[in-house]
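# Chain and residue survey
Below, each chain spelled out in residue letters.
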Amino acid sequence: MAYRSSFLILCSSLMLVCVFAANEAPGTKNQELASVVFRPEAGKFPDLEKAHTYQGELVFVDHANRRGSIRVRAGSDVLYRNAPHPFAMLPYGVVRYHGATADLRDIPLGTMLHVSAFLPPDPKISAVPIVQNPSVEHPAENHVLLLEDEASYCLRKSKVWKLKEVELQKNHGMVIATLEPKDGGDGTAAEQKMTIDTATRIWRGRECLGIADLIAEGTWTAAGKKSLGGQAVRLGLTWLPAGTWENRVENQFHITDIWLEDTALQRSAQQQTGVHQALIRTRWMAAWVDAVEYGKFGRATVTATLFGDYDATLFADLAAGSKMMMNGAENTLKHAGGAYGPAHMAAKGSILEVTRVPGVAPMGSSGVQVRFETDLIIEGIRPGRVVHVRPSSWTNVAVPREEYLGDGSKLEDRFPSPAIFPKY
Amino acid sequence: MRLCLSCFSLALCLGASLLAIAAEEPFRPEQGKFPPLDKSVAYRGELVFVDHATRRGSLRVEFKSEFFRSPPTPFAMLPYGMVRYHGAPADLRDIPIGTIMNIRAFLPPDPKNSSVVTTPNHWYPLPLENHAILIEDEPSLCLREGKTWKLKEVDLQNNQGIVLATRDSQDAAAAKGPEEKLTIDSTTRFWRGRENLSLADLVAEGTWPASGKKSLGGQSVLLGLIWKPCPDGIFVRYHISDVWLDDKATQRAIQSQTEVHKSLIRSRWMPAFVDKVEYGKFGRATATVTLFGGMDPSLYADFKKDGYTGAINGAENTLKHAGGSYGPAHMASQGTILEVIKTPGVAPMGSSGIQVRFETDLIIEGIRPGRVVRIRPSDWPKVYIPREEFLGEGAKIEDRFPRPDIFPVYR
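Residues numbered from 1 in each chain as written. Chains lettered and ligands numbered in written order. Predicted model: local features only at pLDDT ≥ 70, side-chain atom pairs only at ≥ 80, totals over all residues.

### Considering the overall build of chain B
Our working rule: Secondary structure elements are defined from DSSP: runs of H or I of at least 4 residues count as helices, runs of E of at least 2 residues count as strands, and each element is numbered from the N terminus. Working definition of burial: number of other C-beta atoms within 10 Å of the residue's own, with buried at 20 or more, exposed at 12 or fewer, and partly exposed in between, all C-beta atoms being placed from the backbone. Residue pairs qualify as contacts under a 7 Å threshold applied to their C-beta atoms, which are placed from the backbone.
Scanning chain B from N- to C-terminus turns up six helices and 19 strands. If you line up chain B on its principal axes, its C-alpha atoms span 80 × 70 × 45 Å. The buried share of chain B, taken over its 411 residues, is 45%. Considering only intrachain contacts with a sequence separation of at least 6, the fraction spanning at least 24 residues in chain B is 69%.

Structure representation (structure tokens):
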């Protein structure tokens, strides 16, 4: 009888496993809510609060396809063994670096990043491998809504690192610091040990200093410990191998940059904003098509919502009555055509209206809608599809070969295969 | 007799033909030897893609035509191939995507095992020499060749503009370089001493004009270059990402990159070629290795003779460690440095010209003449290395010989 009961329990368990297997493994976050597996839908911006969050080291970047790999921080001292975990940016996914909007190509390999991600919206055409057996270091949520470095994360969350103590030996050493709210903090934040060395950049106003400069000034001591009195700073972090089986250290980060004051970080943010503005002016702003009203002989009126986090000056270039172009694009944001420049094949027309949707726009959306009329609608401009938009005042240039599809005859161009990622 | 003569004539003709074919055989580097730099092909382009764990990537190779259409062309670093950035030794992971790089490359030493395509098929005349012995950014090239950029004039409008400049040799007798037009904008970083300035700072100081032209009097600087798509049918015009205004600023950039690379090599070990192995009894052996070149001298100085201990581990041509899941030291041959020899004359590119004789009581597989190894003196920090930088159990051939099919094919 006992054997029979065990057999029934085993069968029931197997059936439950089969139900999950048929629908792909639930995500790391979704394990908690196994009955509600959330996936973003085309044409809708998902709620950031529903994203699974994790942190890791950027290990690989394929910027042309907006994907890469992260070594996810998990456990205590096993970061080195965590194989790179592939991720793809959602079409409206936001990258932030030094407190400003960025592209994946702007982020140096090795940078520690904060990730807010979802399950693949459409697993069949995912550009990265689907995770069958999710774990903390390989979460199933690998389609990213927000990817940001430490400085950007701290700015968004209004947090600062408070430096407690530094101990130096031969130009390298250890910093003890706590991550706390910028205003206040109850003193309960856990202390973290991070390494520092002569390659660490220390930003003060318009100066880029090294440890040696601070020692020469007498701010830091050449050897031994010094209290830093809880000095509030922003940090850039990376991970360097440390420790062995015999000499274990926990997941210990290395400080690449210290911004000693707000002015210094504002200068970095301004520089990065300029880099991204220049990129967008040549690659165009990405948007979602909300609606298409077809007229006669190819005429149509298109309503599109621009993706978020562009610098305000870029939106300002779109004005009712002025000329604009719209080109088809893929979920990777690659232009559908571009061999003669994307403007060659794009739909041309006039901006009828620019509206700001009331309320706070969700992450990924700008909250700015544009209505545009063209006398020759092209394929690719359909509700739910991604497009690129360019006000005619922007300089007309060609885009590099890897950033447009070509003749589109190869399926791989539109839906990049996840096969490029090594299996460990 | 006539038959013998005919056979002799035939053999003579065949021999002559083989000699002619041998004479036309293109040069390929050989395993275990450093090839002469003058047999390499030089070209430059924009770094578009990097797979640093397998020491390969893609460059948009410069052509004086529709540069934007030039497809990313894969390259692989030779095991002893050197990367230089900001005038200092570097790893591919240190180079930002978009940087204009100067490359010296050869045909693949062994096309069958190449990790990049050996015959790029495109209507652009892409170089077949895609195995790099040297890849360096603009300041590194200028410092190595004793050149500087001389700024002639700037013309600014709305925080962007054009700089006229020439890249000249510091040797006054050498011919002047051609005048080039380069773009500049508000994102360009100006390094002066320990300051990081912007165009707006120079305008505020009155050094540069807010708008219009100004002569810069041939000011001598180093430049970092990138490429941005240009309007008006101009296909190749580089953009200035960085300007080092003085020697102090340059030295600070060199020092910073040198420290980054020293830290990397100390944790990943010094790569080397095995020159020979003298086998003893019961697994004992003495290996002679030549350390690869281009590192900071302080790293070579850490190899000391007379009783200094160390370890040698097998590695691949990608420089991946053969084993490492418990740290590379776990499986490596431990032993003693017997001798450190500076080979006479100027070392060829890729070689340090330093040989180390190392004795171990347990020689491991992978330490064989012509093979690549990694060696460390015992006072370097003993650490784990990241998963993608060692082979694992080595059961997958792909781990040892990465396939070129991660690179998209553009027609």
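### So, the interface of chain A and chain B
We apply this condition: Each residue gets one of three labels, nonpolar for Ala, Val, Leu, Ile, Met, Phe, Trp, Tyr, Cys and Pro, charged for Asp, Glu, Lys and Arg, and polar for the others, Gly among them.
Listed as interface residues are 44 residues of chain A and, on the opposing side, 47 residues of chain B. Counting residues per element, the ones that place at least two in the side of chain A that touches chain B are β1 (52-62), β11 (207-209) and α4 (262-283) of chain A. Per-element tally for the side of chain A that touches chain B: the top contributor is α4 of chain A, with five residues. Broken down by class, the residue content of the side of chain A that touches chain B amounts to 22 nonpolar, twelve polar and ten charged.

### Some details on the environment of N102 of chain B
Residue and element names in this part refer to chain B. Inspection of the secondary structure puts N102 in strand β5 (residues 100-106). Residue N102 is classed as buried on the basis of its 21 C-beta neighbours within 10 Å. Taking the C-alpha atoms as reference, N102 lies 9.8 Å from L47; in sequence the two are 55 residues apart. With residues near it in sequence (within four places) discarded, N102 still touches R44, E136 and L141.

### Describing the domain arrangement of chain A
Residues and elements named next belong to chain A. Cut-off, in case you're wondering: An automatic or database domain assignment supplies the residue ranges for each domain.
Parsing chain A into structural domains produces domain 1 (2-155), domain 2 (158-274) and domain 3 (284-418). Taken together, the 22 residues of domain 1 in the interface contact 22 residues of domain 3. Counting residues per element, the ones that place at least two in the side of domain 1 that touches domain 3 are β3 (85-97) and β6 (143-149). When residues in the side of domain 1 that touches domain 3 are grouped by element, the largest group, six residues, is from β3. Per-class residue counts for the side of domain 1 that touches domain 3 are 15 nonpolar, five polar and two charged.

### Considerations on the domain arrangement of chain B
Residue and element names in this part refer to chain B. Partitioning chain B into domains gives domain 1 (29-268) and domain 2 (269-400). One C-alpha centre belongs to domain 1, the other to domain 2, and the line joining them spans 31 Å. Every contact between the two is made by 23 residues of domain 1 and, on the other side, 27 residues of domain 2. Within the residue set of the side of domain 1 that touches domain 2, elements represented by two or more residues are β3 (72-85), β6 (131-137) and α4 (247-268). The element contributing the most residues to the side of domain 1 that touches domain 2 is α4, with seven residues. Partitioning the side of domain 1 that touches domain 2 into residue classes produces twelve nonpolar, seven polar and four charged.

### Describing the nonpolar core
For clarity, the threshold we go by: A set of buried Ala, Val, Leu, Ile, Met, Phe, Trp, Tyr and Cys residues, joined to one another through C-beta atoms within 7 Å, is what we call a nonpolar core.
Among the nonpolar cores identified, the biggest contains 99 residues, and V144, A287, A304, M326, V387 and V389 of chain A are the most heavily contacted of them. One finds A249, A311, A332 and I363 of chain B within the second-largest nonpolar core, a separate group that totals 85 residues.

### Here we look at α4 of chain B
Keep this limit in mind: By definition here, a helix of n residues has an expected span of 1.5 Å times n minus one.
In this model, α4 of chain B (22 residues) spans 31 Å end to end at C-alpha, consistent with the 32 Å of a helix rising 1.5 Å per residue. Among the residues making up α4 of chain B, those that are buried are A249, R252, A253, Q257, T258, V260, H261, K262, I265, S267 and R268 of chain B.

### Some remarks on the sheet that holds strand β17 (residues 347-356) of chain A
Let me state the cut-off plainly: Here, a strand pair is defined by DSSP locating no fewer than two bridges between the strands. Under this scheme, a helix contributes an axis fitted over its contacting stretch, all axes are lines through C-alpha atoms, and angles between N-to-C directions fall in the 0 to 180 degree range.
Pairing within the closed barrel is antiparallel, and its six strands lie in the order β14-β15-β18-β17-β16-β19 (chain A). The mean angle between the axes of side-by-side strands here comes to 45 degrees, regardless of whether they run parallel or antiparallel.

### Some remarks on the confidence of the model for chain A
For clarity, the cut-off: Confidence scores per residue from the predictor, reported as pLDDT, run from 0 to 100.
Per-residue confidence for chain A gives a mean pLDDT of 89, with 90% of residues at or over 70. The low-confidence segment residues 1-23 of chain A (pLDDT under 50) makes three contacts with residues lying over four places distant or belonging to another chain.

### Quick word on the sheet that holds strand β16 (residues 309-314) of chain B
All names here are of chain B. Spatial ordering of the closed barrel is given by β14-β15-β18-β17-β16-β19, a layout of six strands whose pairing is antiparallel. When the angles between neighbouring strand axes are averaged without regard to direction, this sheet yields 45 degrees. Here five bridges tie β16 to strand β19 (residues 372-377), and the two strands are oriented antiparallel to one another. Residue I312 lies in a different strand from β19, and its bridge partner there is I375.

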